[in-house]
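Structural overview
Here are the chains, one letter per residue:
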There are 2 protein chains.
Amino acid sequence: MKQQKALEGLKILDFTRVYSGPYCTMLLADLGAEVIKIEAPKKGDDTRMFAPIRQGESGYFLYLNRCKKSITLDLKQKKGKEIAKGLSQWADIVIENFSPGTMERLGLDYETIKKINPEIIYASISGFGQTGPYRNKAAYDAVAQAMGGWTALTGFPDTTPVRIGPAISDAATGVHAMAAILAAVIYKQKTGKGQYIDIAMMDTVFSMLENAVPIKTLMNENPSRIGNSNPSSAPYNLYPTKDSHIVIATANDVLFQKLSAVMGQPNLILQERFSTNPNRKAHEKELNQIIESWTRQHTNEEIEQMLDAVKVPVASLKTVAQLVDDPQIANRNMLITLEHPVVGNVQFPGNPLKLQQTPPQPNQRAPLLGEHTDEILKNILHYSHEEIQHFKKNQII
Amino acid sequence: MKQQKALEGLKILDFTRVYSGPYCTMLLADLGAEVIKIEAPKKGDDTRMFAPIRQGESGYFLYLNRCKKSITLDLKQKKGKEIAKGLSQWADIVIENFSPGTMERLGLDYETIKKINPEIIYASISGFGQTGPYRNKAAYDAVAQAMGGWTALTGFPDTTPVRIGPAISDAATGVHAMAAILAAVIYKQKTGKGQYIDIAMMDTVFSMLENAVPIKTLMNENPSRIGNSNPSSAPYNLYPTKDSHIVIATANDVLFQKLSAVMGQPNLILQERFSTNPNRKAHEKELNQIIESWTRQHTNEEIEQMLDAVKVPVASLKTVAQLVDDPQIANRNMLITLEHPVVGNVQFPGNPLKLQQTPPQPNQRAPLLGEHTDEILKNILHYSHEEIQHFKKNQII
């Protein structure tokens, strides 16, 4: 029996591009929502040109846009707007991530769409939100990470702060948008009422600062960078090994004792300076040197085996090259293969939302540019063949 | 008129502790779900003892647990399990984040709860998932970041990789869990059917690697650390200023020309080595030195004004001390004040899920330990006063 999809029947008109919006609509599409992605004619989503590119196809685009349909539309032309409005009537959800004000200028903002589909759920994602003094600031992931507080807290105390490598503020904002959208869907299922949703990258980053804000507001201290260490426990760090780096995290005496025994130095804890967690924290530098002279002698695999055996938390630093062959990634179906007419079979991350009865099904490759234009215009909006030819001729689609 | 809550009526039995689960249930509670938090007697959630602590109260706990009710229960005692099961019948959703196998040993796993509440939605959050070879590995945020691929990609090319400061893998996993739970609620609203949900930190981290996985699978390259730079554009970096650091992000010729003009060096682009984005990228080191000798002469505020005026993407590095006074944070209601009987008024991050008709209402302080035990036992499970006294006497609650 074909497996049910959790969000089957949910209709999403997707104006988003690049990362934050497309990550949101990817998770939704994987769970069975019907996502129609609007792209500019000829060029489409910017990420169709983002690295990695092979044979003219972008792995960036192919990852994030599986399970979606693509229609090309020139939203600047009157007829293009009309088609977009027609699709807004079809949709349950409209989602966009243009800079604030763009959809108003295009005549496709919430107030306009509400007139033709009064109970639409309309979500906007932006760098800083639709309101406030920073509303018009250019938003990139590097900007959001810096402005929201992550960058100042990442890196080593005595060197330059550093941005997180992947654009995590984009992805985090996208999944928060998904959560907000689904909450609105639940509310609408009960009451019949839609609404507007305003999601900001800076809000999202700021809400994910763990305890940094109360450190300031409760204690009047300004938290800062601590590298790979733990604010209260030691030894707890990323240690260099024979072949890589490894996380060892001991947060109490029992774990420290086990680690010391494995290292062949069971009496470390008898030394006053290493006898309690606070003492170890105060003497962290010397302690780390002791640990490091041991870790440097072994490979990650050896250390993992030794410490897993006694249940001391330990974790290898994994690169992507290692992860694509990782047995846990394989077990979790977190690497999926999609077949593409140009680049053939390529693997991408799967979907982490593991619902057991209605699991995600990321099994349709990303669309070619405008691949579903005709089908959508005909089957959903009931334009005739002649009208569609006219649109093509006038570069409306 | 009192404002509607999107998730009013949703009943959540929350066994989670520390960060990933509590962040999930915080977002749900802010939107109106009724969250009953089960805590161990005497000690409660570990974070009641996490920094920052003032007058015996933890800002860590107070932030994440607003809008929830607390019942203390000894789940190891037979009667404690019985009470938990009674609450599982009351609940629409059960959520837990113990290490895999714990809820089975307690006799409160999905299969058991399903027998008494067949359509329960039961979500488990763990480091690596309920399946696979890493199932039993100790899970911390530092572990998940390293194992999922973030740490190897964060930091500078020639120095040690670094963990993101705040425990972002915990928060990201929590919000992915919320999205999955709400998808299951939507499915249940349509079909009447509940299900099990299995969310893993490693899966979540791996899905948020932007284009790192296709860089490997499409191109057979292993992505690595690039510090604050952009893989294809320059100048794009975090530059030292007179008083801090600042992000300047120019990804095309127009923006570079504007930046050069502001710096009083409008002819930079006429130099062959700076004439195109690829050329600038190839000569990034020299170019950054030129930018840096300019940024070091000005404060962040001066640079932001100059570059905002010509719309060159620029962002100050914000510390938490600056953010609590930030006008955008204020405008977005991203700093809320909660009143506590011991520590008084304290500010915490607000909720980023800005639904406009049913906005989040994070306006109830976090519960004292077991604050709602009597009320819950009486009003939901209808135990008598005598029975409750008996539970207290035997340290079941």
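Computed from a predicted structure; not experimentally measured. (Residues numbered from 1 in each chain as written. Chains lettered and ligands numbered in written order. Predicted model: local features only at pLDDT ≥ 70, side-chain atom pairs only at ≥ 80, totals over all residues. Heavy atoms only, no water.)

Further remarks concern the pattern of salt bridges. Residue and element names in this part refer to chain A. Counted according to the given criterion, the structure contains 37 salt bridges over all chains. Here Arg 273 and Glu 286 are joined by a salt bridge, their closest N and O atoms 2.8 Å apart. Highlighted residues: Arg 273 in the loop between helix H10 (253-262) and helix H11 (277-282) and Glu 286 in helix H12 (residues 284-295), separated in sequence by 13 residues. Classification of Arg 273 by relative accessible area gives partly exposed; the value is 30%. Residues participating in the shared-partner salt-bridge network are Glu 34, Lys 69 and Glu 375. (Salt bridge = Lys/Arg side-chain N within 4 Å of Asp/Glu carboxyl O. Helix = DSSP H or I, 4+ residues; strand = E, 2+ residues; numbered from the N terminus. Buried < 20%, exposed > 50% of the residue type's maximum accessible area, 1.4 Å probe, protein only.)

It is worth spelling out the side chain of A:Asn288 at this point. Residue and element names in this part refer to chain A. One can find Asn 288 in helix H12. Take Asn 288: its relative accessible area is 12%, and that puts it in the buried class. A polar contact of 2.5 Å, which involves the side chain of Asn 288, links it to the side chain of Tyr 239. Not counting residues within four places of it along the chain, the set of residues in contact with Asn 288 comprises Pro 235, Asn 237 and Tyr 239. (Polar contact = N/O pair within 3.5 Å; in protein donor to acceptor, adjacent residues only side chain to side chain. Contact = heavy atoms within 4.5 Å.)

Ordered in space as E5(A)-E2(A)-E1(A)-E6(A)-E7(A)-E8(A)-E14(B), the 7 strands form an open sheet in which the pairing is mixed. Single-partner strands in this sheet number two, and they are strand E5 (68-72) of chain A together with strand E14 (354-355) of chain B. In terms of strand pairing, strand E8 (residues 195-200) of chain A meets E14(B) through 2 bridges, oriented antiparallel. Counted as the bridge partner of A:Asp198 is B:Lys354 from E14(B). The strands that helix H1 (residues 20-30) of chain A touches are strand E1 (11-14), strand E2 (34-39), E5, strand E6 (93-96) and strand E7 (121-126) of chain A; relative to E5(A), the one it contacts most, it runs at about 130 degrees. Of the strands in this sheet, E6, E7 and E8 of chain A together with E14 of chain B touch helix H7 (residues 168-191) of chain A, which is tilted by about 165 degrees from E8(A). (Pairing = 2+ DSSP bridges. Axes fitted to C-alpha atoms, helices over the stretch in contact; angles between N-to-C directions.)

Now for the packing of H7(A) against helix H7 (residues 168-191) of chain B. Between H7(A) and H7(B), whose axes approach to 9 Å, the crossing angle comes to 25 degrees. Considering the angle they form, H7(A) stands roughly parallel to H7(B). In this structure, H7(A) crosses over H7(B), and the sense of that crossing is left-handed. Between H7(A) and H7(B), the residues in contact are A:Ile168, A:Val175, A:His176, A:Met178, A:Ala179, A:Leu182, A:Ala183, A:Val185, A:Ile186, A:Gln189 and A:Lys190 and B:Ile168, B:Val175, B:His176, B:Met178, B:Ala179, B:Leu182, B:Ala183, B:Val185, B:Ile186, B:Gln189 and B:Lys190, respectively. Partitioned by chemical class, the residues of the contact of H7(A) with H7(B) number 16 nonpolar, 4 polar and 2 charged. (Parallel < 35°, antiparallel > 145°, perpendicular 65-115°, else oblique. Left-handed = near helix turned anticlockwise from the far one by under 90°. Nonpolar A, V, L, I, M, F, W, Y, C, P; charged D, E, K, R; others polar.)

Before going further, it helps to spend a moment on the environment of A:Gly264. Along the polypeptide, A:Gly264 turns up in the loop between H10 and H11. With relative accessibility at 55%, the residue A:Gly264 sits in the exposed group.

Taken together, the contacts link 135 residues of chain A with 135 residues of chain B. Where chain A meets chain B, there are 8 salt bridges. Salt-bridge contacts for A:Lys137 lead to B:Asp308; the nearest nitrogen and oxygen are separated by 3.2 Å. Counting the contacts that link chain A with chain B gives 70 residue pairs in polar contact (both at pLDDT 80 or more).

Before going further, it helps to examine the domain arrangement of chain A. Buried accessible area, meaning the area lost when the parts come together, often serves as the stated size of an interface. Once the domains are mapped, chain A shows domain 1 (11-207 + 328-393) and domain 2 (236-240 + 245-316). Here the C-alpha centre of domain 2 of chain A lies 44 Å away from the C-alpha centre of domain 1 of chain A. (Domains from an automatic or database assignment.)

Sheets are built from strands that pair by backbone hydrogen bonding, the pairs being arranged parallel or antiparallel. Reading across the sheet, the 7 strands line up as E14(A)-E8(B)-E7(B)-E6(B)-E1(B)-E2(B)-E5(B) and stay open at both edges, with mixed pairing between neighbours. Either end of the sheet is taken by a strand with one partner, and the two such strands are strand E14 (354-355) of chain A together with strand E5 (68-72) of chain B. Pairing between strand E7 (residues 121-126) of chain B and strand E8 (residues 195-200) of chain B: 6 bridges, direction parallel. The residue of E8(B) that forms the bridge with B:Tyr122 is B:Tyr196. Relative to strand E1 (residues 11-14) of chain B, helix H3 (residues 78-90) of chain B is tilted by about 155 degrees, and along the sheet it contacts E1, strand E2 (34-39), E5 and strand E6 (93-96) of chain B. Along the sheet face, H7(B) touches E14 of chain A together with E6, E7 and E8 of chain B and points at about 165 degrees away from the line of E8(B).

By a simple turn and slide, chain A fits onto chain B: the slide is 0.0 Å along the axis, the RMSD is 0.0 Å, and the turn is 180 degrees. Considering both components of the superposition, the chain copies are consistent with a two-fold axis. For chain A, the minimum C-alpha distance to the rotation axis belongs to A:Ala179 and amounts to 2.3 Å. When you check the interface residues of chain A against chain B, 99% turn up at the interface there too, and the contact is symmetric in its surfaces. (Least-squares fit on C-alpha atoms with pLDDT ≥ 70 in both.)

Turning our eyes to something else, we now look at the packing of helix H1 (residues 20-30) of chain B against H7(B). Residues and elements named next belong to chain B. Direction vectors running N to C along H1 and H7 enclose 50 degrees, while the axes themselves pass 7 Å from each other. By the angle between their axes, H1 is oblique relative to H7. Along this stretch, H1 crosses H7, giving a crossing that reads as right-handed. Between H1 and H7, the residues in contact are Ser 20, Tyr 23, Cys 24, Leu 27 and Leu 28 and Asp 170, Ala 171, Gly 174, Val 175, Ala 177, Met 178, Ile 181 and Leu 182, respectively. Residues that form the contact of H1 with H7 fall into these classes: 10 nonpolar, 2 polar and 1 charged.

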